[in-house]
Amino acid sequence: MPKYIFVTGGVVSSVGKGIVAASVGRILQARGYKVTAIKIDPYLNVDSGTMNPYAHGEVFVTDDGGETDLDIGWYERFLDITLSKRNNITTGQVYLEVITKERRGDYLGKCVQIVPHITDEIKRRIRLAAENEGVDIAIVEIGGTAGDIEGQPFLEAARQMRLEEGFENTLFIHVALVPILKATEEFKTKALQHSVNELRRIGIQPDAIVARCEKPIDKATRSKIALFGTLPESAVFCSYDVEHVYEVPLILEEQGMGVFITGRLNLSWRQPRLKEWSDIVASMKNAREEVRIAVCGKYTKLIDSYVSVREALIHAAAYAGAKAIIDWIDTEEFEAYPEKVNLLSRYDGILVPGGFGQRGVEGKINVIKYSRENGIPFLGICFGMQLSVVEYARNVCGLEGANSTEVAADTPHPVIDLLPEQRSLENLGGTMRLGAFEIIIKPGTLAYKLYNTRVTRQRHRHRYEVNPAYWDVLTRAGMVFSGMSEDGRRVEIIELPSHPYFIATQYHAEFVSKPGKPEAAYLGFIRAALNRRKNLENYSRSRNISLPLR
Ligand code: GLN
């Protein structure tokens, strides 16, 4: 029987609940407990796949093909586990299930209501996700903020679970913002107090409070939060700003979070093992060398749109003993002012991430051309891979006007085209080629050198692919297809042997990267970028010129 830890949020959203939930998991895992994490998103979309990244940040793809909330990514990175789409529960899924049952007649004779039918379905889904994995502890993060209309049925379900599972098997952690007034340097707890009252109004008394604050809270603030929260001071924690989010488990453990939770849930005392984790954190903080990466995409105004890409770069850089300095560049810039693309020479590596639609595409193609022609290490992901093929077709194979049919339906050379099985689809939700598939790597290629294996399993999310009608033209012109789908029908990895490091993948390698366990294509990219940096430094030293400044 798993125990349940519910994590709620207060005052504002995006307060870092996901990181706290993941950190609590890590702290318990460090004591040898088997942990899973579940994210509840109180929106009506069945999954996050139909939302643009500006609406809700990155769409994280699970191994079993779920298009999920980006917090699932944080859980996987912190806990080094593979989660299922079942771990992300939305209002849309819950209502869809209940209404489908109602139409089928499963509730015949009854009036179908939020309590108990919706709340029962919520509890069923939470338990299903936890029990399926046979864990000791399931962490359930309830998205949004206490007091939101949308979140009420989920909080009600959690309240009922306290009764059904028992006091020793359930724990409520409330994470709320504590702002600091600049003028007086004071920690202000009133909003936090109100958010605790919102929880109590529906019958939840938190067992612990995590104050999310720029700086560590002082003793007086901790006592005040404890007093108003009706908690001992030992149940009040602070998650303050740190350089790397991976430090959060360490700072919470230091404040006694592990002792508090295991005591409260009546778990046996075990020595925590966080050495390996703190070594990884140290490798991030102590890295001396810098590696400058330009990520050229279109959702650059909200960094959460590419959170897994950023983290994969950070993991790889730390592993290689470096710090990744990442600039997010909107490729539309390169459409209005194509000569600006020369500014990219100051970077050690260029990455074009996944994406959809027309905006910024010609700019991305300019960027790819620049990296290819100037020997700058390049990594293309999904759309970035498809556009690398478009660029090569146009500028090397001489196929004028080549394009993806996603961008130009009437292109004379559809080098990227819809996957055959996508042609007859009617619905857009959950219908891309999704989830993990095996990729067969060709020996003797750069990909083989990186992965050092013939088979890798990687996650996908796409509708288009390299058109088989153009395989011949592309490969004859020097492009190598170094990874193919298991059935040999799909191109998964392309590379250019004439270039120091030009590799692009149809899959999203970033989704499997973990701190301390970087993904091979990302690690290769960072290493190639570091090499370029060293060569440039040597070159500038020998000629006594200085490197261009950022
Ligand atoms: N838009 C492209 C496709 O659907 C690429 C998708 C992506 O980058 N995730 O195939």
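Now for a description of the structure that goes with this document.

Scoring rules and cut-offs
- Residues numbered from 1 in each chain as written.
- Predicted model: local features only at pLDDT ≥ 70, side-chain atom pairs only at ≥ 80, totals over all residues.
- Heavy atoms only, no water.
- Near = heavy atom within 4 Å.
- Polar contact = N/O pair within 3.5 Å; in protein donor to acceptor, adjacent residues only side chain to side chain.
- Areas by Shrake-Rupley, 256 points an atom, 1.4 Å probe, with all protein chains shown as cover.
- Helix = DSSP H or I, 4+ residues; strand = E, 2+ residues; numbered from the N terminus.
- Nonpolar A, V, L, I, M, F, W, Y, C, P; charged D, E, K, R; others polar.
- Pairing = 2+ DSSP bridges.
- Axes fitted to C-alpha atoms, helices over the stretch in contact; angles between N-to-C directions.
- Expected span 1.5 Å × (residues − 1).
- Contact = heavy atoms within 4.5 Å.
- Salt bridge = Lys/Arg side-chain N within 4 Å of Asp/Glu carboxyl O.
- Buried < 20%, exposed > 50% of the residue type's maximum accessible area, 1.4 Å probe, protein only.
- Core = buried A, V, L, I, M, F, W, Y, C linked by side-chain atoms within 4.5 Å.
- Phe/Tyr/Trp six-rings, centres within 6.5 Å; stacked < 30°, edge-to-face > 60°.

**Focus: the site of the ligand**
Neighbouring the ligand are the residues Gly354, Gly355, Phe356, Cys382, Phe383, Gln386, Glu406, Arg461, His462, Arg463, Tyr464 and His508. A distance of 2.9 Å separates an oxygen atom of the ligand from a polar backbone atom of Gly355. Separating an oxygen atom of the ligand from a backbone N or O atom of Tyr464 is a distance of 2.9 Å. Here the ligand, which alone exposes 300 Å², has 99% of that area covered by the protein. Listing elements by their share of the shell around the ligand, those giving two or more residues are helix 15 (383–395) and strand 19 (455–462). Looking at the shell around the ligand, its residues break down into four nonpolar, five polar and three charged.

**Points about the sheet that holds strand 2 (residues 35–41)**
Sheet strands pair by backbone hydrogen bonding; their relative direction is either parallel or antiparallel. Spatially, seven strands are ordered 5-2-6-1-7-10-11 in an open sheet, and the strand pairing comes out parallel. Where the open sheet ends on each side, the last strands, each with one partner, are strand 5 (88–90) and strand 11 (236–240). The mean inter-strand angle of the sheet, taken between neighbouring strand axes irrespective of direction, is 20 degrees. When strand 2 meets strand 5, the two strands line up parallel, connected through three bridges.

**Some details on unusual backbone geometry**
Here the bond from Val115 into Pro116 is cis, since omega is 15 degrees, no more than 30 degrees from zero. For Pro116, the location among the structural elements is in helix 5 (residues 114–132). The backbone phi angle of Val11 is positive, close to 80 degrees, even though this residue is not glycine. Relative to the helices and strands, Val11 is located in the loop between strand 1 (3–10) and helix 1 (17–29).

**Considerations on helix 4 (residues 91–104)**
With 14 residues, helix 4 extends 20 Å between its outermost C-alpha atoms, agreeing within 8% with the 20 Å of an ideal straight helix rising 1.5 Å per residue. Against strand 2, strand 5, helix 5 and helix 6 (152–165) lie the buried residues of helix 4. One or two positions beyond helix 4, positive phi appears at Gly105, with a value near 95 degrees.

**Brief notes about the pattern of salt bridges**
Proximity of charged atoms lets side chains of opposite charge pair with each other. Using the criterion set out here, one finds 49 salt bridges in the structure. With a shortest N-O distance of 3.2 Å, Arg125 and Glu97 are connected by a salt bridge. With Arg125 in helix 5 and Glu97 in helix 4, this residue pair connects regions lying 28 residues apart in the sequence. You can call Arg125 buried: its relative accessible area is 18%. A relative accessible area of 26% places Glu97 in the partly exposed class. One salt bridge in this structure joins Glu421 and Arg490, with 2.7 Å as the shortest N-O distance. On the criterion of sequence distance, the pair formed by Glu421 in the loop between strand 17 (414–418) and strand 18 (433–441) and Arg490 in the loop between strand 21 (480–485) and strand 22 (491–495) is long-range, its members being 69 residues apart. Through salt bridges with shared partners, a single network forms among Glu97, Lys101, Glu121, Arg124 and Arg125.

**Let's talk about the nonpolar core**
If you look at the biggest cluster of nonpolar residues, it comprises 67 residues, and the most contacted ones within it are Ile5, Val24, Ile139, Ile173 and Ile261. With seven residues, the top contributor of residues to this core is helix 1. Filtering out sequence-adjacent residues up to four positions away, Ile5 remains in contact with Val24, Leu28, Ile137, Ala138, Ile139, Val140, Leu171, Ile173, Ile261 and Leu265.

**Brief notes about the sheet that holds strand 16 (residues 403–404)**
Pairing is mixed in the open sheet, where three strands are placed in the order 16-17-20. At either end of the open sheet lies a strand with only one pairing partner, and these are strand 16 and strand 20 (464–466). Across the sheet, helix 15 lies against strand 16, strand 17 and strand 20, angled at about 150 degrees from strand 17, the strand it touches most.

**Section: the packing of aromatic side chains**
Tallied over the entire structure, the rule returns 13 aromatic pairs. Aromatic pair Phe60 and Phe511: ring centres 4.9 Å apart, planes at 70 degrees, arrangement edge-to-face. On the criterion of sequence distance, the pair formed by Phe60 in strand 3 (residues 60–61) and Phe511 in the loop between strand 23 (502–505) and helix 18 (520–543) is long-range, its members being 451 residues apart. For the pair Phe60 and Phe511, a shared accessibility class is recorded, and that class is buried. When the ring of Tyr501 is compared with that of Phe525, the centres are 6.3 Å apart and the planes differ by 45 degrees; the resulting orientation is tilted. You can see Tyr501 sitting in the loop between strand 22 and strand 23 and its partner Phe525 sitting in helix 18, a full 24 residues away along the chain. We note that Tyr501, like Phe525, is buried.

**Thoughts on the side chain of Arg31**
As for its position among the elements, Arg31 is in the loop between helix 1 and strand 2. Judged by its relative accessible area of 5%, Arg31 is buried. A polar contact of 3.2 Å, which involves the side chain of Arg31, links it to the backbone oxygen of Ile27. A polar contact of 2.9 Å, which involves the side chain of Arg31, links it to the side chain of Glu253. Not counting chain neighbours up to four residues away, the residues in contact with Arg31 comprise Glu253, Gly258, Val259, Thr262, Arg270, Gln271 and Pro272.

**What to know about the environment of Pro500**
Among the structural elements, Pro500 can be located in the loop between strand 22 and strand 23. Expressed as a C-alpha distance, the spacing of Pro500 and His315, which sit 185 residues apart in the sequence, is 22 Å.

**So, the side chain of Asp41**
Residue position: Asp41 is located in strand 2. A distance of 3.1 Å separates a polar atom in the side chain of Asp41 from a polar atom in the side chain of Lys39. Side-chain polar atoms of Asp41 contact the side chain of Asn88, separated by 3.0 Å. For Asp41, the contacting residues outside a window of four places in its chain are His56, Asp69, Asn88, Ile89, Thr90 and Thr91.

Fair warning: the whole summary comes from geometry, so function is off the table for now.
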